[in-house]
Amino acid sequence: MSTRRFEVYGTVQGVGFRPFVYRTAAELGLTGWVANVNGHVEGEVAGPVGCIEAFADRLRYDAPTLAEVRRVRLTEGAPPSYGEGFRVRHSVPASSEPAAREIPPDAAICDACLRELRDPGDRRHRYPFVNCTDCGPRATIIEDLPYDRIRTTMRSFPLCRDCAAEYADPGDRRFHAEPVACPACGPRLAWQDLRGEEALRAAVAAIAGGGIVALKGLGGFQLVCDAGDPRAVAELRRRKRRPAKPFAVMVDGLRTASRLAMVGATEASALTSPERPVVLLARRRSRGTTPLAPQVHPGLRRVGLFLPTTGLHHLLLDDLARPLVVTSGNMSDEPIALDDTEARRALSGVVDGFLTHDRPIRARYDDSVVQFAGRTRVTVRRARGLAPAPLPLRVREPVAGAGAQLKHTFTLAANGRAVLGPHTGDLSDLASHVAFQASYGNLKHLTGIEPRVLAHDLHPGYLSTQWARAQPLRHIAVQHHHAHVAACAAEHRVRGPFLGIAYDGLGLGDDGTLWGGEILVADLTGYRRVGRFATAPLPGGDAAVRHPSRTALGQLLGGESLGSPRPYPWLTRAFTDRLDPREVTAVTAMVAGNVNCPRASSAGRLFDTVASLLGLADHVGYEGEAAVLLEAAAGDTHAVPLAHRLVRVDGLWVYDPAPTLADLLARQLDGEPVAPLAAAFHLTLAIVTADLVAHAVAEGAPHTVCLGGGCFVNRRLLTEVRRRLRAQGLRVLVGGQVPVGDGGISYGQAAVAAARLTGKE
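Along each chain, residues carry numbers from 1 onward, in the same order as the chain's sequence is written. Two thresholds apply to this predicted model, a pLDDT of at least 70 for residue-level local features and 80 or more for giving and counting side-chain atom pairs, whereas whole-chain, interface and lining totals are computed over all residues. Only heavy atoms go into the side-chain values, all of them from the structure, while hydrogens and water stay out.

**Quick notes on a positive patch on the surface**
Argument step 1. Residues Arg-394, Arg-396, Arg-493 and Arg-495 make up a contiguous surface patch of positive charge.
Argument step 2. A run of H or I in DSSP counts as a helix once it spans at least four residues, and a run of E counts as a strand once it spans at least two, with each numbered from the N terminus. Relative to the helices and strands, Arg-396 is located in the loop between strand S17 (391-392) and strand S18 (399-401).
Argument step 3. Note on classification: 1.4 Å probe, protein chains only; a residue is buried when its accessible area is under 20% of the maximum for its type, exposed when over 50%, partly exposed between these limits. With relative accessibility at 63%, the residue Arg-396 sits in the exposed group. Residues form patches when they are more than 30% accessible in relative terms and have no salt bridge. Like charges link within 9 Å. Nonpolar side chains (Val, Leu, Ile, Met, Phe, Trp, Tyr) link within 5 Å. Where accessible areas are quoted, they stem from the Shrake-Rupley method and a 1.4 Å probe; at the residue level, only the protein chains shown are allowed to cover. For this document, the term salt bridge refers to a Lys or Arg side-chain nitrogen within 4 Å of an Asp or Glu carboxyl oxygen. For the charge count, each Lys or Arg is scored as positive and each Asp or Glu as negative, with His and the chain ends excluded. Working definition for charges: the position is that of NZ of Lys, CZ of Arg, CG of Asp or CD of Glu.

Okay, structure coming up:
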């Protein structure tokens, strides 16, 4: 007989870990206790030594699905003084110096709860807030640790007798399930003066009648309408001021998803996972009437689908029997509305009604977005279901990454882990900045990570940079594209130097110019630039980003002089003749006089240029729209590459796009359709990238390649680049858990700061 004290660290609160410990100890005949302590679980067991060893092994390897055990520590215990049996003790409040504290993400409704939801004989039949230890809200309701109901937004809902009995029953799957509730004691729906089932029926009637409803979800409000109703979708676009950016569509299951899109095994696994992200999928060619309105994803061949997250979503889909647009409850570029007051202020002019409830939301979490290139997952947005689950990072001194400006996130890191905060959106206005600060303060409190160093972007105009520099901490500036490739390297635990390819829209380089098409030899502490794209002016600065036709004129009129002739006027005339003559005259004068024409070596802006030259996008409504349309136009069309040229400039290999653009225009003039030309551009960039990398490797660059930047959200580009680099015998990595675009910048910043502080790559 022996007594052991045990401590378990990781994501072990809010995931049914104490009930699991209880059942494990009981099965092995051990006595003792277990409790949540600060951010971990600890307790004591007494019994035969062999049973205690088996107990420890099961803690390590048989934990609940939502748990992530990182360390189990066993020490000699005092003689038992707790009598017979095993019990769950009251949690121990946080100490003054909290240890590692991991917050579980929200988890989609499990199959057992879904069966109860649909069972007329069950007391939770059609109860929208059904949950158990295996599913339901977590990060969005937790106010503090240790995780107990009194430290969540469920504390205002006292358990009824039946729920209290389940909560106290070790044999019940709701044993110590903190969000447990039922119609008698839990949250209730509301629609104006209606409550419960009547409120739900009113919302269903509004959507069925072509209306738009604001739905209070897990991490904020969502806007819902019939995805098959062109008028409803068009009206949502008008009211939300979102003219073209695609909407996500919620469907009732894999069968419906497979009717709408190509769903492989990896996509199906993601769709049905507890994370329930939006998955970007190739649309099936429609035969006859399509169940989705064209306005859902105008001009695109891919659609974002996801399965219901909560009981409420299932009830809506069951009652309406049609796919639903379910998009962020905000105006374009603003943070999603969090509470009823905020939602009514922000969305009263957008929706025809509000389906709310009385459970407060503690933290703002939008929907996560992923896609797949083969079996490789690419995270586009890390939010509900994924964040704030910790990621590995070699870090000792606590650090934070302040992020970029677009697709903003922040990162907190300490003790070998990093917590990537929820997607904030674009830090373009006060509301987004306030949302970021609130989220940062909340997550810092919950994780117990108090950073001593703040890493930030070089760009002084970013609100994230300005905020970081105003904090009374040590600051480390990290170049934008170094952060991109460092994020990929850190996620994959690359040790030592690597070759980084960073393709995106714009980022400030260490020379004060704008970068965006970069080949870097790097480690986590630093980098050197070995290749780039040629520079071109951006007439009007930020205005050129919103007007790809200006970017195209800048390339044609003022691209970097590298010895290649610019496209002849007879090639460009068809393009310039369809533009407003006043714009052409103004831009020509700006370029000639170098007036408000910052130069950029940007892959993203080159995508904009080609999209405009092909007539796909002269003006855009959201960042990256032109590139998305160009990828959609390319599809899987076979292509013959365009002309291209690399030159040596000041010790760097530089891609000169002038021959590429001239060849594109000549083939367009000869009548070649848009699709093969768009495909040819993608193929050409992949070949150019492979050539740039080959030159770098020949000069001694490492054979591990890390891809970063928003351009690699483009599946065709990613697939072509990866295939060609692997053919050179190179190891090619891309972010899977960390967003490949600007949403991963903060993680890369934290990785660089941590490496510099320890002096190791």
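From this point, things continue past the structure.
**Quick look at the state of the cysteines**
Argument step 1. Throughout, a disulfide means two cysteine sulfur atoms within 2.5 Å of one another. Scanning all chains against the criterion turns up 0 disulfides.
Argument step 2. With no disulfide of its own, Cys-113 has Cys-135 as its nearest cysteine by sulfur position, at a separation of 3.7 Å.

**Some points on the nonpolar core**
Argument step 1. Residues Leu-499, Ile-501, Tyr-503, Leu-707, Phe-712 and Leu-725 are the most contacted members of the largest nonpolar core, which totals 74 residues.
Argument step 2. Considering each element in turn, this core owes the most residues, 15 residues, to helix H21 (residues 674-698).
Argument step 3. Residues Tyr-127, Leu-189, Trp-191 and Ala-199 belong to the second largest nonpolar core, which totals 40 residues. We define a nonpolar core as any set of buried Ala, Val, Leu, Ile, Met, Phe, Trp, Tyr and Cys residues linked to one another through side-chain atoms lying within 4.5 Å.

**Concerning a nonpolar patch on the surface**
Argument step 1. Nonpolar side chains collect at one region of the surface, where Tyr-568, Trp-570 and Leu-669 lie side by side and expose about 360 Å² of accessible area between them.
Argument step 2. Structurally, Tyr-568 can be placed in the loop between helix H15 (548-558) and helix H16 (569-577).
Argument step 3. The exposure class of Tyr-568 is partly exposed, given its relative accessible area of 45%.

**A closer look at the side chain of Arg-174**
Argument step 1. Tracing the backbone shows Arg-174 in the loop between helix H4 (161-168) and strand S6 (189-191).
Argument step 2. By relative accessible area, Arg-174 is classed as buried at 1%.
Argument step 3. Side-chain atoms alone can form a polar contact between residues adjacent in sequence; in general such a contact is a pair of N or O atoms within 3.5 Å, and within protein one must be able to donate a hydrogen while the other accepts it. A polar contact of 2.5 Å, which involves the side chain of Arg-174, links it to the side chain of Glu-116.
Argument step 4. Within polar-contact distance, the side chain of Arg-174 engages the backbone oxygen of Asn-131 at 2.8 Å.

**A closer look at the sheet that holds strand S2 (residues 31-37)**
Argument step 1. Strand order in the open sheet formed by 5 strands is S4-S1-S3-S2-S5, with mixed pairing between adjacent strands. Where the open sheet ends on each side, the last strands, each with one partner, are strand S4 (68-76) and strand S5 (86-88). Taken pair by pair, the neighbouring strands of this sheet meet at an average axis angle of 15 degrees, ignoring direction.
Argument step 2. Should DSSP find at least two bridges between two strands, the strands are taken to pair. The pairing of S2 with S5 spans 3 bridges and is classified as parallel. Across the sheet, residue Gly-32 finds its bridge partner in S5, namely Phe-86.
Argument step 3. Any two residues having at least one pair of non-hydrogen atoms within 4.5 Å are treated as being in contact. For helices, the fitted line uses only the C-alpha atoms of the stretch in contact; every axis is such a line through C-alpha atoms, and the angle between N-to-C directions lies from 0 to 180 degrees. In this fold helix H2 (residues 49-61) packs onto strand S1 (2-11), strand S3 (40-47) and S4, with an angle of close to 0 degrees to the strand it touches most, S1.

**Quick notes on the packing of aromatic side chains**
Argument step 1. Side-chain rings of Phe, Tyr and Trp (the six-membered ring for Trp) are treated as a pair once their centres are within 6.5 Å; stacked means planes under 30 degrees apart, edge-to-face means over 60, and tilted covers the remaining angles. In the structure shown here, the tally under the stated rule is 15 aromatic pairs.
Argument step 2. Measuring from centroid to centroid gives 5.3 Å for Tyr-22 and Phe-175, while their planes differ by 70 degrees, and the two rings are edge-to-face. Within this pair, whereas Tyr-22 is found in helix H1 (residues 17-27), its partner Phe-175 is found in the loop between H4 and S6, the two being separated by 153 residues in sequence. Taken as a pair, Tyr-22 and Phe-175 share a single burial class, namely buried.
Argument step 3. Measuring from centroid to centroid gives 5.6 Å for Tyr-127 and Phe-129, while their planes differ by 65 degrees, and the two rings are edge-to-face. Each of the two residues, Tyr-127 as well as Phe-129, counts as buried.
Argument step 4. Ring pairs connect the aromatic residues Phe-410, Phe-436, Tyr-440 and Trp-467, which therefore count as one cluster.
Argument step 5. Any Lys NZ or Arg CZ that is within 6 Å of a ring centre and within 35 degrees of that ring's normal is treated as a charge sitting over the ring. Over the aromatic face of Phe-247 sits the side chain of Arg-237, whose NZ or CZ is 4.1 Å from the ring centroid.

**Focus on unusual backbone geometry**
Argument step 1. The linkage connecting Leu-145 with the following residue, Pro-146, adopts the cis geometry, with an omega of 5 degrees.
Argument step 2. By secondary structure assignment, the location of Pro-146 is in the loop between helix H3 (111-118) and H4.
Argument step 3. Following Ala-387, the chain continues into Pro-388 via a peptide bond in cis, with omega recorded as 5 degrees.
Argument step 4. Here Pro-388 is to be found in the loop between strand S16 (376-381) and S17.
Argument step 5. Positive phi, close to 55 degrees, is recorded for Arg-493, a residue that is not glycine.
Argument step 6. Along the chain, the position of Arg-493 falls in the loop between helix H13 (480-491) and strand S23 (498-508).
Argument step 7. You can call Arg-493 exposed: its relative accessible area is 60%.
Argument step 8. Even without glycine at this site, Asp-650 takes up a positive phi of about 50 degrees.
Argument step 9. Position of Asp-650 relative to the elements: it lies in the loop between strand S28 (645-649) and strand S29 (652-656).
Argument step 10. Given the relative accessible area of 79%, Asp-650 is considered exposed.

**Quick notes on the pattern of salt bridges**
Argument step 1. Scanning all chains against the criterion turns up 43 salt bridges.
Argument step 2. Between Arg-118 and Asp-318 there is a salt bridge whose closest N-O contact spans 3.0 Å. With Arg-118 in helix H3 and Asp-318 in helix H9 (residues 311-320), the pair connects residues that are 200 residues apart, well separated along the chain.
Argument step 3. Residue classification places Arg-118 among the partly exposed positions, given a relative accessible area of 42%.
Argument step 4. Residue Asp-318 is classed as partly exposed on the basis of its relative accessible area of 35%.
Argument step 5. A salt bridge links Arg-322 to Asp-226; the shortest N-O distance between them is 3.1 Å. Taken together, the positions of Arg-322 in the loop between H9 and strand S13 (324-328) and Asp-226 in strand S9 (residues 221-226) put the pair 96 residues apart, joining distant regions of the chain.
Argument step 6. Judged by its relative accessible area of 11%, Asp-226 falls in the buried class.

**Notes on the pairing of S29**
Argument step 1. Of all 5 residues making up S29, 5 are buried, and the element is well covered by its neighbours.
Argument step 2. Burial along S29 is two-sided: Leu-652, Val-654 and Asp-656 facing one way and Trp-653 and Tyr-655 facing the other are all buried.
Argument step 3. The loop that links S28 with its antiparallel partner S29 comprises 2 residues; one of these, Asp-650, has a positive phi angle of about 50 degrees.

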